[in-house]
Each structure stands twice: as structure tokens, then as C-alpha cells.
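Survey of secondary and tertiary structure
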Amino acid sequence: MGARARAAVIGTGSWGTVLAALLAGNGHRVTLWARTAAEARDLAARRENRRLLPGFRLPDGVQVEHDPARALAGAALAVFAVPAQRLRENARALREHLPPDAVLVSASKGIELGSHRRPTEVLREELGADRPACALSGPNLAREIAEGLPATSVAACQDEAAAEAVRAAFMSPRFRVYTNTDVTGVELAGALKNVIALGAGMGDGFGYGDNAKAAFITRGLAEMSRLGVAAGANPLTFAGLAGLGDLAATCYSRHSRNRYVGEQLARGRPLDEIAAGMAHVAEGVTTTIGARELARELGVEMPITEGMFRVLFEGLDPHRAVEELMGRAPTHELRGITEARGG
């Protein structure tokens, strides 16, 4: 994808808005696709996503469109930045307008309910298995990137040339991109860290302190890695930007939606009330369901995910969930990640 190439970004959330700006800042001709004509008109006129990213002006190089044919015309890169549970419907709605040689990029983080598909798997099922489909993931809090703060990400694809093209499209002095061929690991890491962030937020809400939070994040990383290994991922991916990097940012940042939800749960607020008061989607809530189902399918023990599911959907008291985690039988720290075993 050369300079001044066309790129289409699907999704006008905070992350889609920022990705469109990053591409435009690198000189690409960018179209941001909005689901409704009214939203497209408002964004085009105001040049600001006032609901989700107030104060950030869309660069002049970003054109906002509602018509899918105009939005995708001539696109060399199609970036899907929509909630994971709505990715398939968006891909279906746009597939007849997608140029045959466009490289697909998923900026979604989650596991599709029912199918347990990762985002790039959904895109390839709906848009063609012969297309390169890359995952863009990492510690990428949209608000910080919009403010021009430095950040890094990973472009993962089995097609290394496609990953390098995505890296070149987004790379800038303030946004450094690495490549990886472990798409499974990068996508599962990006999804599962949101589940762990819910629990980390609960710990913050309870005031459990830094020792407990560090331990929880570390054991969460082990749990993420176990499921990744069972699904065929490289365990080292979970020590990288899409794993540990994104996990740390999401568990600690004041901008983290999932950490916020966990904190509010610890304060006794019901999930429905918390979600109703949020402008953004906290992907960790639905990902908890998908991760639990996938873990059971693959025979992987995930006590944190299981506990979060019971807190979110079965009314388990969060304090009791912590007690159950602390009271589990002792085991080897690396069980399920390496061949090490022990009690």
C-alpha cells in the first residue's frame, strides 16, 4: 500500500475515528464509514466525534460517508473497527462493495458468541478465505493516541507481506507498529485481557492494593496464555504488546472501560445500570461468555474467567469470587503453558 493509497475505516467509534486520523496523517486518502446518513452528516459538518471523542478534530484528509459503495471505492485497505459482536453483520452489509484486492484489517477485540470465532476468522468467512486478514492490536487507548501521545501496536497476519503493508500504512513517529505471524495469539490476547481487566477493576474498587493487583494481572496473563496455547498460539505472543502490553494498559488506565466496569461492580452497582451509563462498549462483558465457552470446548481451566462469569451473570458476590480464587488448590505456576507440572 503506497503513499496516497485509499483506505476505508468501518466504524465511527473512538478507535475507528483515531485509526482514520492516523492513516490520513500518513498521507492516505481515507473514508470513514458511518452506519447512518445522519451520523455521517454530523461528523462531516462538525469534524468532531462529540459523543465518543470530544475535542478531537478529524483531519481534513478524512472523508465521512454513509453510502457503502462510495466509502469502499478503490480501497486498498479496509479497516473494521466495530464491536466484535457486530463485526459479521457489518462485513455482510459491505462485502459486495469491497474491492477484490483490498487487505482486510480487524481492529476489533473479542470472541464471537456461539461460533467462538476470532475477528479475522469472521472477516475471512464473510469476505473470502483467500483474502489476507490482519489483526491490529496492542496497548492502544484511543484517547491517548488522539492526544498525540506515543503508542505501539502489532499487525498480525500469516501473510507477512500483508502485515508489512499494514505496518507501513499506520507507522508514524508517534505510532510504532510491529509485525507478527501469530494471528491466533494476538487476537486471543486482545480479547481475553478485557476479561482480566474487569477483575482488576474490581480489585481497585475494593482497595486491595498493589500486591494483589500485580498478582491478579500475572495470573490473568497465565490464564490467557493457557487458552492461547490450547488454541494453537505461540505462548511468547502473550508476553508481547498484544498480551502483556495491552493487559497492563487496560488494567491500569483511567480510560479503560473494562476496568471501570469492574470497579463499579465492586461498589455494588448492577451491571445493567453500569452499561446504561456508558457511551462506549465494554467488550470484556460479552468476551467473558465467549472465553468461558471456548475454554470448556478446549478443556482449559480458567478460574478467573469462570469467576467473572458468575459475578456478571449468576449473581455471585464479588468478595466471594476473590475468596474462591485465593482458596484454590496449589499448583505449578506454569501449568498449561509449558510442560512443567507440579503441586
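It should be noted that the structure appears before, not after, this text.
Residues numbered from 1 in each chain as written. Predicted model: local features only at pLDDT ≥ 70, side-chain atom pairs only at ≥ 80, totals over all residues. Heavy atoms only, no water.

A few points about the overall build of the protein chain
Our working rule: Every helix listed is a DSSP run of H or I at least four residues long, and every strand listed is a run of E at least two residues long, numbered separately from the N terminus. Here the globule rule is a power law, 2.2 Å times the number of residues to the power 0.38, and the radius of gyration is based on C-alpha atoms. Only protein chains enter the area calculation, which uses a 1.4 Å probe; residues under 20% of their type maximum are buried, those over 50% are exposed, and those in between are partly exposed. Contact definition: two residues touch when any of their heavy atoms are within 4.5 Å. Working definition of accessibility: Shrake-Rupley area with a 1.4 Å probe, residue cover restricted to the visible protein chains. Only four residue types enter the tally: Lys and Arg on the positive side, Asp and Glu on the negative side; His and the chain ends are excluded. Where a charge lies is defined by one atom per residue type: Lys uses NZ, Arg uses CZ, Asp uses CG and Glu uses CD.
For the protein chain, the helix and strand inventory stands at 15 helices and eight strands. A compact globule built from 343 residues would reach a C-alpha radius of gyration of about 20 Å, and the protein chain, at 20 Å, matches this within 12%. Put simply, the protein chain has 343 residues, and 54% of those count as buried. Here the analysis covers contacts within the protein chain between residues at least 6 apart in sequence; of these, 71% occur between residues at least 24 apart. Element-wise, carbon and sulfur atoms account for 50% of the exposed surface of the protein chain, whose accessible area totals about 14700 Å². Of the side-chain charges in the protein chain, 40 are positive and 39 negative, and the distance between the mean point of each set is 4 Å.

Re the environment of F80
In this structure, F80 sits in strand β4 (residues 77–80). Counting along the chain gives 61 residues from F80 to L19, while the straight-line C-alpha distance between them is 10.0 Å. Every residue in contact with F80, bar those within four places of it in the chain, is listed here: I10, L87, A91, L94, L104, V105, S106, A107, S108, L123 and L127.

Looking at the packing of aromatic side chains
Here is the rule: Put simply, two rings from Phe, Tyr or Trp (the six-membered ring, in Trp's case) pair if the centres are within 6.5 Å, and we call them stacked under 30 degrees between planes, edge-to-face over 60, tilted for the rest. For a Lys NZ or an Arg CZ to count as sitting over a ring, it must be within 6 Å of the ring centre and within 35 degrees of the ring normal.
The tally for this structure, following the rule as stated, stands at two aromatic pairs. With a centroid separation of 5.2 Å and an interplanar angle of 45°, the aromatic rings of F206 and Y208 are classed as tilted. Ring geometry for F309 versus F313: centroids 5.2 Å apart, planes at 50°, classification tilted. You can see F309 and its partner F313 sitting in helix α14 (residues 303–313), four residues apart, about one turn around the helix. We classify F313 as partly exposed; its relative accessible area is 37%. Stacked on the ring of Y252, the Lys or Arg K213 has its end atom at 4.1 Å from the ring centre. Taking NZ or CZ as reference, R292 lies 3.8 Å from the ring centre of F309, over its face.

Some words on unusual backbone geometry
Despite not being glycine, R47 shows a phi value in the positive range, around 60°. For R47, a relative accessible area of 11% puts it in the buried group. With a phi close to 65°, H116 is a non-glycine residue in the positive phi region. Following the sequence through the fold, H116 ends up in the loop between β5 (103–106) and α5 (119–127).

Focus on the pattern of salt bridges
Where charged atoms from two side chains of opposite charge approach closely, those side chains can pair. Where we set the bar: The salt bridge definition used is simple: a Lys or Arg side-chain nitrogen within 4 Å of an Asp or Glu carboxyl oxygen.
Counted by the stated rule, this structure contains 27 salt bridges. Among the salt bridges present, the one from R118 reaches E187, with a minimum N-O distance of 2.6 Å. Residue R118 is located in the loop between β5 and α5, and its partner E187 is located in helix α8 (residues 183–206); the two are separated by 69 residues in the primary sequence. There is no split in this pair, since R118 and E187 are both buried. Between R320 and E323 there is a salt bridge, with the nearest N and O atoms lying 3.2 Å from each other. Placement of both R320 and E323 in helix α15 (residues 318–326) is noted, with a separation of three residues, approximately one turn of the helix. With a relative accessible area of 41%, R320 lands in the partly exposed category.

Brief notes about the nonpolar core
Stated precisely, the cut-off is as follows: Residues belong to a common nonpolar core when they are buried Ala, Val, Leu, Ile, Met, Phe, Trp, Tyr or Cys residues joined through side-chain atoms within 4.5 Å.
With 41 residues, the main nonpolar core has L19, L23, L77, V79 and F170 as its most contacted residues. Per-element accounting of this core gives the leading share, eight residues, to helix α1 (residues 14–25). Residues A156, L188, L192 and L227 belong to the second largest nonpolar core, which totals 29 residues.

Examining the sheet that holds strand β3 (residues 62–65)
Short version of the rule: Two strands qualify as a pair provided DSSP detects at least 2 bridges between them. Under this scheme, a helix contributes an axis fitted over its contacting stretch, all axes are lines through C-alpha atoms, and angles between N-to-C directions fall in the 0 to 180 degree range.
One open sheet accounts for eight strands, arranged β3-β2-β1-β4-β5-β6-β7-β8; its pairing is mixed. The open sheet has two free edges, formed respectively by β3 and β8 (175–180), since each of these has just one partner strand. On average, each strand axis in the sheet is inclined to that of its neighbour by 25°, with strand direction left out of account. As paired elements, strand β1 (residues 6–10) and β4 share four bridges and run parallel to each other. For A7, the partnering residue across the bridge sits in β4 and is L77. Along the sheet face, helix α4 (residues 87–94) touches β1, β2 (29–33) and β4 and points at about 150° away from the line of β4.

A short note on the environment of A133
Note on placement: A133 falls in strand β6 (residues 133–137). By relative accessible area, which is 7% here, A133 ends up buried. For the pair formed by A133 and V122, sequence separation is eleven residues and the distance between their alpha carbons is 9.8 Å. For A133, the contacting residues outside a window of four places in its chain are L104, T120, R124, A156 and C157.

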